[in-house]
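# Commentary on secondary and tertiary structure
Single-letter residue listing:
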Amino acid sequence: QLTMSLNSSTLLNEENSQGPKRNTECLDSLELQTPSSFQDNPLQQLQLASQEVLEKAKKSGRSKCPRCSSSRMFYCYTCFVPVETVPTKEIPTVKLPLKIDIIKHPNETDGKSTAVHAKLLAPDDVTIYKYPCIPEYEEKRHEIALIFPGPNSISVKDIAFHLQKYTKKGVYDNDDDCSREPFLKQAKIEPKEEKNLNECISSNRSEDTRLKKIIFIDSTWNQTNKIITDERLQGLLQIELKTRKTCFWRHQKGKPDTYLSTIEAIYYFLVDYHQEILKEKYKGQYDNLLFFFSFMYTLIKNAKCCAGKE
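Starting from 1, residues in each chain are numbered consecutively following that chain's sequence as written. Given that this is a predicted model, residues contribute local features only at a pLDDT of at least 70 and side-chain atom pairs are listed and counted only at 80 or more, while totals for whole chains, interfaces and linings are drawn from all residues. Heavy atoms throughout the structure, all of them, feed into the side-chain values; hydrogens and water do not.

## What to know about the pairing of strand β7 (residues 144-147)
Between buried and exposed lies partly exposed: a residue is buried under 20% and exposed over 50% of the maximum accessible area for its type, with that area taken using a 1.4 Å probe on protein chains only. Here a strand is any run of E in DSSP of at least two residues, a helix any run of H or I of at least four, and the numbering for each starts at the N terminus. The alternating pattern of β7 places Ile144 and Leu146 on one face and Ala145 and Ile147 on the opposite face, and all of these are buried. When DSSP finds two or more bridges between a pair of strands, those strands are recorded as paired. Both β7 and strand β9 (residues 237-239) contribute to a ladder of three bridges, which runs parallel. Within β9, the position partnered with Leu146 by the bridge is Gln238.

## A look at the sheet that holds strand β6 (residues 126-130)
The five strands lie next to each other as β6-β5-β8-β7-β9, forming an open sheet whose pairing is parallel. Edge strands, defined here as strands with exactly one partner in the open sheet, are β6 and β9. Sheet twist, expressed as the mean angle between neighbouring strand axes with direction ignored, is 25 degrees. In this fold helix α8 (residues 262-276) packs onto β5 (99-104), β7, β8 (213-218) and β9, with an angle of close to 155 degrees to the strand it touches most, β8. Axis lines are fitted through C-alpha atoms, for helices just across the contact stretch, and the angle between N-to-C directions can take any value from 0 to 180 degrees. Only heavy atoms matter for contacts: two residues are in contact if any of them lie within 4.5 Å across the pair.

## Notes on unusual backbone geometry
Negative phi is the rule for most residues except glycine; trans is the rule for most peptide bonds. The omega angle of the peptide bond from Tyr131 to Pro132 is 15 degrees, so this bond is cis rather than trans. If you trace the backbone, Pro132 turns up in the loop between β6 and β7. Non-glycine residue Ser69 carries a positive phi angle of around 65 degrees. With respect to the element layout, Ser69 can be found in the loop between β1 (63-64) and β2 (71-72). Of note, Lys279 is a non-glycine position whose phi angle comes to about 60 degrees, a positive value.

## Here's the deal with the pairing of β5
Taken across its six residues, β5 has five buried, putting it largely inside the fold. Here β5 pairs with β8 via six bridges, running parallel. Counterpart to Lys99 in the pairing with β8 is Lys213. In the sheet, β5 pairs with β6 via five bridges, with the strands oriented parallel. Counted as the bridge partner of Lys104 is Lys130 from β6.

## A short note on helix α3 (residues 52-60)
Of the residues making up α3, those classed as buried are Val53, Leu54 and Ala57. Buried residues of α3, viewed axially, fall in a sector of 95 degrees; they line one side. When the buried face of α3 is taken as reference, the exposed residues oriented beyond 90 degrees from it are Lys56 and Lys59. The arc in question is traced by the directions running from the helix axis to the C-beta atoms.

## Some details on the environment of Leu241
Along the chain, Leu241 turns up in the loop between β9 and α8. Sequence separation between Leu241 and Ser153 is 88 residues; the distance between their C-alpha atoms is 9.2 Å.

## Concerning the nonpolar core
As used here, the term nonpolar core means buried Ala, Val, Leu, Ile, Met, Phe, Trp, Tyr and Cys residues forming a set that is joined through side-chain atoms within 4.5 Å. Ranked by internal contacts, the top residues of the largest apolar core, which has 58 residues, are Ile100, Ile159, Ile214, Phe269 and Leu289. The greatest single-element share of this core, amounting to nine residues, is contributed by α8. Filtering out sequence-adjacent residues up to four positions away, Ile214 remains in contact with Leu98, Lys99, Ile100, Asp101, Ala145, Leu146, Ile147, Ile239 and Phe269.

Spelled out as structure tokens, the structure:
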């Protein structure tokens, strides 16, 4: 499953609204859905902003959404904003190296989706669409890719090579003087000028094959077929994240543990992209995308431990 989700408000309010017995039943149910990786904490090495604001919000319980006034825990999953007890200034903001479109299945429960985490933490770079209301991607195929496993999917490290097939023209022409005409037609130039010309052409070629947007599908695995077969997504380069294992507590029974929740898929893709494509050392630049996810992971893990002692 590429996209799975959480219902933080339900879990956090079970004991208050239904009593200890109901809470224990909820935790027992979680046990059946938990992947083996839940026994340790692979998220503990993340470089995260202080989560004290979430600790305080957890203790105070549900709060109002500043936009729609709905009662929520931590954030409003329909307005994509923190609730009143979680000041926006205390939530980290992450700057991404490319834009992200998230296509959400209409039947995916809003309160269970981790996609909202990305919108909350990287608001300038993330857009969420509810299917079938999605953009037309045909004209931008040479700079867009889709995260989805399949027979034709490639790894992150091969993105630049495969995007070359999607360039609109064979000649890298644009408004820059150095690439306005094919090299052989230009006047004779000195070696130094030739070097600068080649660097310019190389730069243009790199620009034409640079990934600018990545698409994620937010739905359960069984719901993805309707979206992935949409004609607007046909022909896009597909990328598969094959080496990561999910920590998600709602992992679908019978599916490989390499099927990640939406926010996990976004995070791990960006880490790989940073290292494999940008060729830069990763120093935790995107760790805060898991700000809410890691908090919920620890919260549920602790709740499970407490339930086991009862």
